[in-house]
2 protein chains.
Amino acid sequence: MAEFSGTTYAASGVDIDAGDALVRAIAPAIARTHNERVLRGVGHFGGFYRIGSGDDGLTLVASIDGVGTKLKVAALADRHEFIGHDIVHHSVNDIIACGARPICFLDYFAAGKLDVEVAATVIGGIAAACEALGVALIGGETAEMPGVYSGSDYDLAGVILGLVDQEHIVDGTTIRSGDVLIGLPSNGFHTNGYSLIRSVLGLNEDDGSAADRLSAALPWDETRTFAEALLEPHRSYLATVGEALEHGSVHGMAHITGGGIAGNLSRVIPSGLTAVVETSSWSVPRLMTYVAERGHIATEECYRVFNMGIGFVLVCRADGAHDLLDTLEGSVRIGEVVSEDSDERVTLVAG
Amino acid sequence: MAEFSGTTYAASGVDIDAGDALVRAIAPAIARTHNERVLRGVGHFGGFYRIGSGDDGLTLVASIDGVGTKLKVAALADRHEFIGHDIVHHSVNDIIACGARPICFLDYFAAGKLDVEVAATVIGGIAAACEALGVALIGGETAEMPGVYSGSDYDLAGVILGLVDQEHIVDGTTIRSGDVLIGLPSNGFHTNGYSLIRSVLGLNEDDGSAADRLSAALPWDETRTFAEALLEPHRSYLATVGEALEHGSVHGMAHITGGGIAGNLSRVIPSGLTAVVETSSWSVPRLMTYVAERGHIATEECYRVFNMGIGFVLVCRADGAHDLLDTLEGSVRIGEVVSEDSDERVTLVAG
């Protein structure tokens, strides 16, 4: 039996399996709330509710999410200007993966003690990100909860609302054998894996050493600190995905968040098919290999927790792939879809 | 100068003024995200976004909220079955106050360590409340955030989405002098004031005495414990408000949450008018007078933090008031609107 002594996501305090158990436990109760207007069940990048009357297929798409423990890194660095961009971009990417056009956002900010300056910076970032993407910030809640959050900790969640015509929902059902996988580059860890990252990089200490480590320069780039690299805001794929959809050859899309490439791409691959991802087709960012090496994290675990350099995947018709790869900045062919039944729906191969 | 040594909301750790300062700080950035489809600014019970094309006035109404520190009481009592009803009913009440019909809900559940049983109970409650109100639960996020939440603490927020035709938005603009205020009874503190309540009732101790106090019987009703009374789920006014709207004489509505009767009713009273609320027209629930007395809380502070027995206020045409009071179960005439300019828009008078 192979033994493994490296850091895992579970050891850093996040239990993906418990989350799966929860989803199974609540699924029947959730299903009972659904009527004929709820167009897809749960498990997609957004929830769908048809609001059009009669034949009108106008459909609301909504997704709720949090920033996770990237917040702890922001708090440690006392840099809150991009956390708002993180939650907005993360959320927008989720619903554009369904073919929706984002229209509105609402935020939830909760802290033990309200620090007006920090909250104004965070929510100001949310507003700036919304403005840049043409999304209206139509609501928000700021909760002061003494005793729930310790010290200067806060939590941040947000909801994105979008619209799509029922006929234009992109959910992967048209994906077929021979389709090409196009990866769009991430610009860092985005908003996933931070509990593991913090554990590996020693950012959980209370003695000031963690703050020092965060303000140190990257070993491979002395012009940038760990804080800057780790707090790089989640990239928005809105413009790129808009271009791709105009092209007309996209069959499915996946936003690569918690669960990594396989965990997210599998959500849109139909039964009977397998997406084969060739991991040698792009370079894993230096920051990710560094964290993996420092933490002795198994490669498989890395691909399960981090985006590994690919933040969004388009599954497109083979005859449209060349054009898309030419058009979409930074895009790279990362594999293809084959006729092969598998439970996982996605296989990562090394070369 | 009068001195006052009782408990205040600020002393219990919640600073309403800091919240107001934050709202002022972020308002310009939020306003910049708004386009011609955002029908009202911020400060209403919901955000409005017109989604209809051309002349179609179909408008999305959304509101995001949390349960606040009522969660701490639920955790102390280890009773989580109604917290889901709290967030759903609270949210639904907010948007029906705008004349909207609720359609969808999304939840956000975050904890330091995911307790599958607790989370399943909480989210199961959300689903049950949604099902009972005909609302579809179309999304949710469960976040495990080691280090942000201590021990078994969790936070819960939710977003309600509804629809209303632009012409049927109820926002108080048609309120006029002579209109009657009709109060609908609350069934407890609903989801507001719990930091103050916990402070007054000694529910913040870690030594087990707090749990004992919570499981004690009410001094005035030995068949009920403090836990049961304090965790009574937030009442839903969906059916009652539906009846009232059919009647056609409602000019404005207010859901009474943080800020109390004056703080919420003032949001719909037009300039130049004042709502005069006669506080002797209903009986303040025993639980509230008990907390007020135990904490030596000034009456004014009580009315600012607690609903004091009135969970929802309808402002209606004088000639329709009699019928409404006859029809709506438990409703009571609590005052009227007069021609008087005041900054506060609402005056509480003792009788």
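Residues numbered from 1 in each chain as written. Chains lettered and ligands numbered in written order. Predicted model: local features only at pLDDT ≥ 70, side-chain atom pairs only at ≥ 80, totals over all residues.

Counting its regular elements, chain A contains 12 helices and 13 strands. Here chain A has a C-alpha radius of gyration of 20 Å; the compact-globule value for 351 residues is 20 Å, and the two agree. Seen through its C-alpha atoms, chain A measures out along the principal axes to roughly 60 × 50 × 40 Å. A total of 351 residues make up chain A; the buried ones form 52% of that total. Taking as baseline every contact in chain A between residues at least 6 positions apart, the subset at least 24 positions apart corresponds to 82%. (Helix = DSSP H or I, 4+ residues; strand = E, 2+ residues; numbered from the N terminus. Rg over C-alpha atoms; globule rule 2.2 N^0.38 Å. Buried ≥ 20, exposed ≤ 12 C-beta atoms within 10 Å, placed from the backbone. Contact = placed C-beta atoms within 7 Å.)

Turning next to unusual backbone geometry. Positive phi, normally seen in glycine, also occurs at Met-308 of chain A, with a value near 60 degrees. Structurally, Met-308 of chain A can be placed in the loop between α11 (299-305) and β11 (310-316). Met-308 of chain A sits in the buried class, given 27 other C-beta atoms within 10 Å. Phi at Arg-345 of chain B is positive, roughly 70 degrees, even though this residue is not glycine. Locating Arg-345 of chain B in the fold gives a position in the loop between β12 (332-339) and β13 (346-349).

Packed helix pairs are specified by the crossing angle of their axes together with the interaxial distance, meaning the distance between the axes. Two elements in contact, helix α1 (residues 16-31) of chain A and helix α4 (residues 116-133) of chain B, have axes separated by 9 Å at closest approach and are oriented at 25 degrees. The pairing of α1 of chain A with α4 of chain B is recorded here as roughly parallel in orientation. Handedness of the α1 of chain A/α4 of chain B crossing: right-handed. When α1 of chain A is examined against α4 of chain B, the residues Ala-18, Ala-21, Leu-22, Ala-25, Ile-26, Ala-29 and Ile-30 of chain A are found in contact with a partner set consisting of Val-116, Ala-119, Ala-120, Ile-123, Gly-124, Ala-127 and Ala-128 of chain B. For the contact of α1 of chain A with α4 of chain B, the class distribution of residues is 13 nonpolar, 1 polar and no charged. (Axes fitted to C-alpha atoms, helices over the stretch in contact; angles between N-to-C directions. Parallel < 35°, antiparallel > 145°, perpendicular 65-115°, else oblique. Left-handed = near helix turned anticlockwise from the far one by under 90°. Nonpolar A, V, L, I, M, F, W, Y, C, P; charged D, E, K, R; others polar.)

Let's shift gears to the sheet that holds strand β5 (residues 154-165) of chain A. Residue and element names in this part refer to chain A. Spatial strand order, β1-β2-β5-β3-β4: 5 strands in an open sheet with mixed pairing. Sheet topology places β1 (47-50) and β4 (136-144) at the edges, where each strand pairs with a single neighbour. Taken pair by pair, the neighbouring strands of this sheet meet at an average axis angle of 20 degrees, ignoring direction. Bridge count between β1 and strand β2 (residues 58-66): 4 bridges; the pairing is antiparallel. Of the residues in β2, the one forming a bridge with Phe-48 is Val-61. Across the sheet, helix α3 (residues 83-96) touches β2, β3 (101-111) and β5, and the angle it forms with β5 is around 30 degrees. (Pairing = 2+ DSSP bridges.)

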